[in-house]
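The primary structure of each chain is shown beneath.
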Amino acid sequence: MRLMTADGLTLGHGTTPVLRDVDFHIDRGEIVTLVGPNGSGKSTLVKGLIGAIRPIKGRVDQVRGLRIGYVPQSLQMDGFLPLTVSRFLCLPHRHSSDAMARALQEAGVPDLAKRQMRDLSGGQFQRVLLARALLMEPDILILDEATQGLDQPGAAAFYRQIADVRDQLGCAVLMVSHDLHVVMAASDRVLCLNGHVCCQGTPDVVQDAPEYRALFGTGTQGAFALYRHQHDHHHHHHDQDHGHDHEDA
Amino acid sequence: MLDDFLVRAGLAGVGTALAAAPLGCFVVWRRMAYFGDATAHAALLGVALSLAFQGPIMIGVLATALIMATLVQSLSGRGLAEDTLLGVMAHAALAVGLVAVSLLSGVRVDLMSYLFGDILAVSKTDLALIWTGAAAVVGLILWRWQRLLTATLNPDLAQASGISAKTEQLVLTVALAVTVAVAIKVVGALLIGALLVIPPAVARPLARTPEVMALLTAGIGSLSALGGLGAAYQFDTPTGPTIVCVAAGLFIITTLFGARTLR
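Residues numbered from 1 in each chain as written. Chains lettered and ligands numbered in written order. Predicted model: local features only at pLDDT ≥ 70, side-chain atom pairs only at ≥ 80, totals over all residues. Heavy atoms only, no water.

*Asks:* Can you explain the interface of chain B and chain A? Please cite residues and give values.
*Replies:* It is common to give the size of an interface as the accessible area that goes away when the parts come together. Taken together, the contacts link 23 residues of chain B with 30 residues of chain A. Summing both sides of the interface, chain B and chain A together bury roughly 2400 Å²; the carbon and sulfur share of this comes to 56%. Our count for the chain B to chain A interface comes out at two salt bridges. Close ionic contact of B:Asp156 with A:Lys47 constitutes a salt bridge, the shortest N to O distance being 3.3 Å. Counting the contacts that link chain B with chain A gives ten residue pairs in polar contact (both at pLDDT 80 or more). Sorting the residues of the side of chain B that touches chain A by element identifies helix H1 (5–29), helix H7 (145–153), helix H8 (155–160) and helix H11 (210–235) of chain B as the ones contributing at least two each. By residue number, the principal contributor to the side of chain B that touches chain A is H7(B), which donates five residues. (Contact = heavy atoms within 4.5 Å. Buried area = accessible area lost by both parts, 1.4 Å probe. Salt bridge = Lys/Arg side-chain N within 4 Å of Asp/Glu carboxyl O. Polar contact = N/O pair within 3.5 Å; in protein donor to acceptor, adjacent residues only side chain to side chain. Helix = DSSP H or I, 4+ residues; strand = E, 2+ residues; numbered from the N terminus.)

*Asks:* Quick one: what's the story with the environment of A:Ile50, residue by residue and with numbers?
*Replies:* Structurally, the position occupied by A:Ile50 is in helix H1 (residues 42–50). Along the sequence, A:Ile50 and A:Tyr70 sit 20 residues apart, while their C-alpha atoms lie 8.7 Å from each other. Leave out the neighbours within four places in its chain, and A:Ile50 touches A:Gln62, A:Ile68, A:Tyr70, A:Ile142, B:Asp156, B:Gln159 and B:Ala160.

*Asks:* Can you break down the confidence of the model for chain B residue by residue, with the values?
*Replies:* Residues and elements named next belong to chain B. In this model, chain B carries an average pLDDT of 89, and 96% of its residues clear a pLDDT of 70 or more. Ranking the elements of chain B by mean pLDDT puts helix H12 (residues 239–262) last with 85 and H11 first with 95. Model confidence for the complex is summarised by a pTM of 0.84, with the ipTM given as 0.84. (pLDDT = per-residue confidence, 0-100.)

*Asks:* I'd like a description of the nonpolar core, backed by residues and values.
*Replies:* If you look at the biggest cluster of nonpolar residues, it comprises 140 residues, and the most contacted ones within it are A:Phe88, A:Val128 and A:Ile140. The biggest single contributor to this core is helix H9 (residues 165–183) of chain B, with ten residues. In contact with A:Phe88, other than residues within four places in its own chain, are A:Leu75, A:Leu83, A:Met117, A:Val128, A:Leu129, A:Arg132, B:Leu153 and B:Leu157. By size, the runner-up hydrophobic cluster in this structure holds ten residues, among which are A:Leu180, A:Cys192, A:Cys198 and A:Val206. (Core = buried A, V, L, I, M, F, W, Y, C linked by side-chain atoms within 4.5 Å. Buried < 20%, exposed > 50% of the residue type's maximum accessible area, 1.4 Å probe, protein only.)

*Asks:* Report on the pattern of salt bridges, specifying residues and quantitative values.
*Replies:* Counted by the stated rule, this structure contains eleven salt bridges over all chains. The salt bridge involving A:Arg166 is made with A:Asp188; its shortest N-O contact spans 3.3 Å. Here A:Arg166, found in helix H5 (residues 152–169), pairs with A:Asp188, found in the loop between helix H6 (180–186) and strand S8 (189–193); they are 22 residues apart in sequence, far enough to count as distant. A:Arg166 gets classed as buried once you look at its relative accessible area, which sits at 17%. We classify A:Asp188 as partly exposed; its relative accessible area is 35%. Notably, a salt bridge pairs B:Lys185 with B:Asp126, separated by 3.7 Å at the nearest N-O pair. Here B:Asp126 lies in helix H6 (residues 124–143) and B:Lys185 lies in the loop between H9 and helix H10 (192–203), a separation of 59 residues in the sequence. Of the residues examined, B:Lys185 reaches a relative accessible area of 29% and is grouped as partly exposed. Connected through shared salt-bridge partners, A:Arg166, A:Asp167 and A:Asp188 make up one network.

*Asks:* Describe the layout of surface pockets, and please don't skip the residues or the numbers.
*Replies:* All names here are of chain B. Quantified by volume, the largest pocket comes out at close to 1600 Å³. Forming the walls of the largest pocket are 39 residues, and the residues nearest its centre are Arg 30, Pro 155, Ala 165, Lys 166 and Gln 169. Contributions of two or more residues to the lining of the largest pocket are made by helix H3 (57–75), helix H4 (82–103), H7, H8 and H9. Split into classes, the residues belonging to the lining of the largest pocket amount to 16 nonpolar, 14 polar and nine charged. (1 Å grid on protein atoms, 1.4 Å probe; cavity = no way out; pocket = protein on both sides within 12 Å on 5 of 7 lines; lining within 4 Å. Points joined across faces, edges and corners; volume = space filled by probe spheres on them. Nonpolar A, V, L, I, M, F, W, Y, C, P; charged D, E, K, R; others polar.)

*Asks:* Can you lay out the sheet that holds strand S7 (residues 172–176) of chain A for me, pointing to particular residues and giving the numbers?
*Replies:* Residue and element names in this part refer to chain A. Pairing is mixed across the open sheet formed by six strands, whose spatial order is S5-S6-S7-S3-S8-S9. Every other strand in the sheet has two partners, leaving strand S5 (68–71) and strand S9 (197–201) as the edge strands with one partner each. Across the sheet, the mean angle separating the axes of adjacent strands is 15 degrees when strand polarity is ignored. Packing of H1 onto the sheet brings it into contact with strand S3 (31–35), S5, strand S6 (140–144), S7 and S8, and relative to S3 it is tilted by some 135 degrees. (Pairing = 2+ DSSP bridges. Axes fitted to C-alpha atoms, helices over the stretch in contact; angles between N-to-C directions.)

So, in structure tokens, the structure goes:
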């Protein structure tokens, strides 16, 4: 089932386009990844798709009553707003404590419900964000560089969790990522952006596309090929165990 | 009972504190302290305009506060650093208001009472207006509570759940304008900002959830208002500033001791 469609979407800040003429769609059960260099319009596209910015041109269509589980890049928790994990999970819709416990379990962070949000480590924080998104019973899960601040094994564990969640809920997943090697292996389809869609397809197709090579091939000095082999080893890590708790003053 | 000016003053103070409590929490959570100041300072211009056109003061204050808040919002994000912009607006609004009051010919204006409030001169009509305004502000914020909190956390997070961050910002702007109109008689244009920011700052170290913080803020604000009123009566000091002094004293206490005991 098609959940979201964008036709000829041009997005930008004010009237300056950052991203031009994007045609995009995502179906139930699909994992689609957006890659591209900094400033290529990845986050802009996500914001356009969730309706946080108005298109300069083109349109976005969502299926009626589409439930979006959104995991942002990061949240600023500067400590002014006192917020326990369970209170956070109840924004904007309240849930039973059973449902919250289940979601935290699914996200891989049980037993955090009573903690303050600002006392969480980076890995715990991202997983709580994921738990909140899961509580919305999403038709589509949108992750905007959700592994920022996690180390590589942590990020890999996080993405495995996402794949599990997709298998359980059957929802679509749209991800933005810098972790090319990890993310591409887990994706059904990859869109490579650089101010426009420069290439798209299955991970293998994109990886061999000259446009993609031009963007990433030389930049990583061929290291990308190595990463793909590395991924064959099955690392098993739970990043929340070695997350660094912030020392709050 | 309402014939006693001290009772009226107490009720006015508590009403203002209740209106300021949930709004003040959002001012602190969203780092809008200067925004509150700019809006409050614009109130003086509203006073001048009301006097010039012989309209009701509260309407003039409400209108200028709304215009100011909208103006600040539409100017923000246009290149100037936010705090610089708000600093310019807050002080410019105050200066323009002072000049405007001085230009009023033929009207004798007790400037001090608008700058620092005149809670002891609150009439029954004022009292009715204050409590109506306070009820409106608290009702508005309670109605939007979940949405406001979500939008405060992150605008995109809110948008993904179908909540418009812009709409919620507008809700706060309206609430702020009403609060300023309500509070000008009680603490005056200069100290409204203090009434918004200090009670939530007192409550912060004692709270673990937003709701507890808002309730504590209401209590602390009311306590400051009544304590300040009592102290001002006792020591014959100006009431508005005394209320703020009591709140500031409470701030020192909870900041020094509150955080430690809760850890």
